[in-house]
Amino acid sequence: MNKAYWERRYIEGSDFWNAKGITTPIKEYLNQLTDKHIRILIPGLGHGYELMYLKEQGFTNVVGLDLTDLAARETLEKFPLFPIDEVVLGDFFQHEGQYDLILEHTFFCSLPIALRPKYVAKMKELLAVNGRLVGVLFDCEFDSVDPPFGGSLSEYKKLFCVSDLNIEILEPCYNSIKPRKDREVFIKIVKQQHD
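A few points on the structure. (Residues numbered from 1 in each chain as written. Predicted model: local features only at pLDDT ≥ 70, side-chain atom pairs only at ≥ 80, totals over all residues. Heavy atoms only, no water.)

**A closer look at the state of the cysteines**
In protein structure, a disulfide is the covalent linkage between the sulfur atoms of two cysteines.
Alright, step 1. All told, the structure shown has 0 disulfides when counted by the stated rule.
Alright, step 2. We note that Cys140 lacks a disulfide partner, and the nearest cysteine sulfur, in Cys109, lies 9.2 Å from it. (Disulfide = S-S within 2.5 Å.)

Here it is, written out as structure tokens:
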């Protein structure tokens, strides 16, 4: 699942998880934030609706990360003010930096299930102390050999139960968009100070 794989999926239009805009759980969380200068990472940026929304709301320190900018450039064609200069091309597992907030929206489900422990370890590395991993995960299984890959709330509890990470919220999402109703969990995981 490299750059060529994802570009092919975008070109074929087989990115059926594309919500065509920022989803309600993410939007409502972001609307509560008052500090517009926090360092934010959006891994697996895709079409970049979260990035566009953050920039529209005046956030000044946002990075969208993806293997390809093909989907983001599609968004730019429709929305000329899309902040394409905030898009960084690269592999999440090689990315370096420290962030106060990392937004999770369909990146986790795009990774092979075997990489999930590595995802958690990398999130722990990228989060600053008191940094938060916030977003939604699928709470269902998909009958496919290709992404998205599902999971369950109980599985996620075990996965994120690691040192220095505190699960503040991991519960069924009450404000999912209609196609995902009763199929998502909302997460807020905070990196704690290492003793």
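**A short note on the environment of Leu41**
Alright, step 1. Here Leu41 is to be found in strand β1 (residues 40-43).
Alright, step 2. Setting aside chain neighbours within four positions, we find Leu41 in contact with Val63, Leu65, His95, Tyr99, Leu101, Ile102, Leu103 and Leu126. (Helix = DSSP H or I, 4+ residues; strand = E, 2+ residues; numbered from the N terminus. Contact = heavy atoms within 4.5 Å.)

**Quick notes on the pattern of salt bridges**
Alright, step 1. By the definition in use, this model includes 7 salt bridges.
Alright, step 2. Between Glu155 and Arg116 there is a salt bridge, with its nearest N and O atoms 2.8 Å apart. Within this pair, whereas Glu155 is found in helix α6 (residues 153-159), its partner Arg116 is found in helix α5 (residues 116-126), the two being separated by 39 residues in sequence.
Alright, step 3. Lys188 is the partner of Glu168 in a salt bridge, and the nearest nitrogen-oxygen pair spans 3.4 Å. Within this pair, whereas Glu168 is found in strand β6 (residues 165-172), its partner Lys188 is found in strand β7 (residues 184-191), the two being separated by 20 residues in sequence. (Salt bridge = Lys/Arg side-chain N within 4 Å of Asp/Glu carboxyl O.)

**Focus: the side chain of Arg132**
Alright, step 1. Position of Arg132 among the secondary structure elements: in strand β5 (residues 127-138).
Alright, step 2. Buried and unpaired, Arg132 has Asp100 as its nearest opposite-charge partner, separated by 7.2 Å.
Alright, step 3. A distance of 3.0 Å separates a polar atom in the side chain of Arg132 from a polar atom in the side chain of Tyr29.
Alright, step 4. What Arg132 contacts, discounting residues up to four positions off in sequence, is Tyr29, Leu33, Ile38, Asp100, Leu101, Ile102, Leu127, Lys188, Ile189 and Val190. (Buried < 20%, exposed > 50% of the residue type's maximum accessible area, 1.4 Å probe, protein only. Lys, Arg positive; Asp, Glu negative; His and termini not counted. Polar contact = N/O pair within 3.5 Å; in protein donor to acceptor, adjacent residues only side chain to side chain.)

**Some thoughts on unusual backbone geometry**
Alright, step 1. Although it is not a glycine, Thr106 adopts a positive phi angle of roughly 70 degrees.
Alright, step 2. One can find Thr106 in the loop between β4 (99-105) and α5.
Alright, step 3. The exposure class assigned to Thr106 is buried, which follows from its relative accessible area of 15%.
Alright, step 4. The phi torsion at Asn130 lies on the positive side, around 70 degrees, for a residue other than glycine.
Alright, step 5. Locating Asn130 in the fold gives a position in strand β5.

**Regarding helix α3 (residues 49-56)**
Alright, step 1. Counting buried positions along α3 gives 6 out of 8 residues, so the element sits mostly inside the fold.
Alright, step 2. Within α3, the full set of buried residues consists of Tyr49, Glu50, Leu51, Met52, Tyr53 and Leu54.
Alright, step 3. Along its buried surface, α3 packs onto α2 (24-30), β1, β2 (62-66), α4 (70-78), β3 (87-89) and β4.
Alright, step 4. Immediately beyond the C-terminal end of α3, within one or two residues, lies Gly58, with a positive phi of roughly 95 degrees.

Bear in mind that shape data such as this cannot, by itself, settle questions of function.
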